[in-house]
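The chain contents come next:
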Amino acid sequence: MSLTYLSPSWFFGYEVVLELLFAVIALTVALFALKIYRISYQNQIKLFGISFSFISISYFIQSVFNYLIISKANENISRIFKIQSIARFDAMGLYAHIFFMTLGLVILAFMTFKSDKTRIFWLMLITILFGIFLSVNILYTFSLFSSIYLVFLSWHFINNYLQNRQKKTLLIALAFLFLLFGSFHFLIPVNHQLFYVIGQILELFAYLLILLNFYLVRKK
Amino acid sequence: MNKKRDRLEIIHDILYSIREKAGVVKQTHILYKSNLSHQMLVEYVGELIDKSFIVEKEDKKGKNHYELTDKGHNYLSDYKTIRNFVDSYGLN
């Protein structure tokens, strides 16, 4: 099982490129946050940098596995490593993507609590990972949990904008709203192929807004 | 009414008050300039020493003073960028 089965065939190549782009943007922001952390030593900034690093890894994995599926290189890899079926190999990619994306979202949500109680973080992480990986439909449960987390995160960033009305805070609030709208269609009975493409385009807008914010933050 | 200062801003104010005096000051000067209670100042100064933003030194008369380190200077020069980043994601 992979996310490519949701994607229309004409979109295969584009999504590999888009996911790679998301990975690069998330990694750029993560490295910048970790650089800022080394100057300021503020814990929230470190958590932010780590969460975006994991989100970047998750997109990178998704992009690589989708490329392998499209290029049919997954068949050869499955044969070389004696993986019983190609579907199992593809599922490994999907599970790795889900694991790292979940890790990133949980750290990002934990960051918003401004708490130093790591027990809360472990409780959140263990609960959500067990919830996802022990469920019958892993992809659906992941979409459910990630949508809930994105609602929470969007609320945090909207609240941040309301308290600090600047162009930069507005860009981030909009970016997370786009990420939310791009993910929740998995939960409703619609034409998933069409909405998958719309979701990817909304994600593209979200990461372009994050990139624009990154430019504004660095501008002297 | 002025908005309550966050940690980043307080650290900036303390380091800035040291830089204003050519990078070397006594604690009373920081206390006066940073507008903090003595207890809060002791906590912040301890944290800044731990993070190597400032160093505590003793002069010939045996009195303590604080000096800004390279890390402290870097914090001040990059403060605007740090502030922008923290504000845009609500990390303060």
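Predicted model, so just to flag it, every value in this text is computed and none were measured. (Residues numbered from 1 in each chain as written. Chains lettered and ligands numbered in written order. Predicted model: local features only at pLDDT ≥ 70, side-chain atom pairs only at ≥ 80, totals over all residues. Heavy atoms only, no water.)

1. Some words on the pairing of strand β2 (residues 54-58) of chain B
All names here are of chain B.
Then, in step 1: When β2 meets strand β3 (residues 64-68), the two strands line up antiparallel, connected through five bridges. Following the sheet pairing, V55 is matched in β3 by E67.
Then, in step 2: Hairpin connection from β2 to β3: five residues lie between these consecutive antiparallel strands, with G62 at a positive phi of about 85°. (Pairing = 2+ DSSP bridges. Helix = DSSP H or I, 4+ residues; strand = E, 2+ residues; numbered from the N terminus.)

2. Structural notes on the nonpolar core
Nonpolar side chains in soluble globular proteins tend to end up buried together.
Then, in step 1: Ranked by size, the top nonpolar core spans 84 residues in total, and within it F48(A), F52(A) and F85(B) carry the most contacts.
Then, in step 2: No other element matches the 12 residues that helix α1 (residues 12-40) of chain A contributes to this core.
Then, in step 3: Every residue in contact with F85(B), bar those within four places of it in the chain, is listed here: V29(A), F32(A), A33(A), I45(A), F48(A), V217(A) and L91(B). (Core = buried A, V, L, I, M, F, W, Y, C linked by side-chain atoms within 4.5 Å. Buried < 20%, exposed > 50% of the residue type's maximum accessible area, 1.4 Å probe, protein only. Contact = heavy atoms within 4.5 Å.)

3. Overview of the pairing of β3(B)
A regular strand places its side chains on the two faces of the sheet in alternate fashion.
Then, in step 1: Bridge count for strand β1 (residues 24-25) of chain B against β3(B) is two bridges, and the pairing is antiparallel. Looking at the pairing, V24(B) lines up with E67(B) of β3(B).

4. With respect to the confidence of the model for chain B
Then, in step 1: Chain-level pLDDT for chain B is 85 on average; 97% of the residues reach the 70-or-more range.
Then, in step 2: Predicted complex metrics record ipTM = 0.81 and pTM = 0.85. (pLDDT = per-residue confidence, 0-100.)

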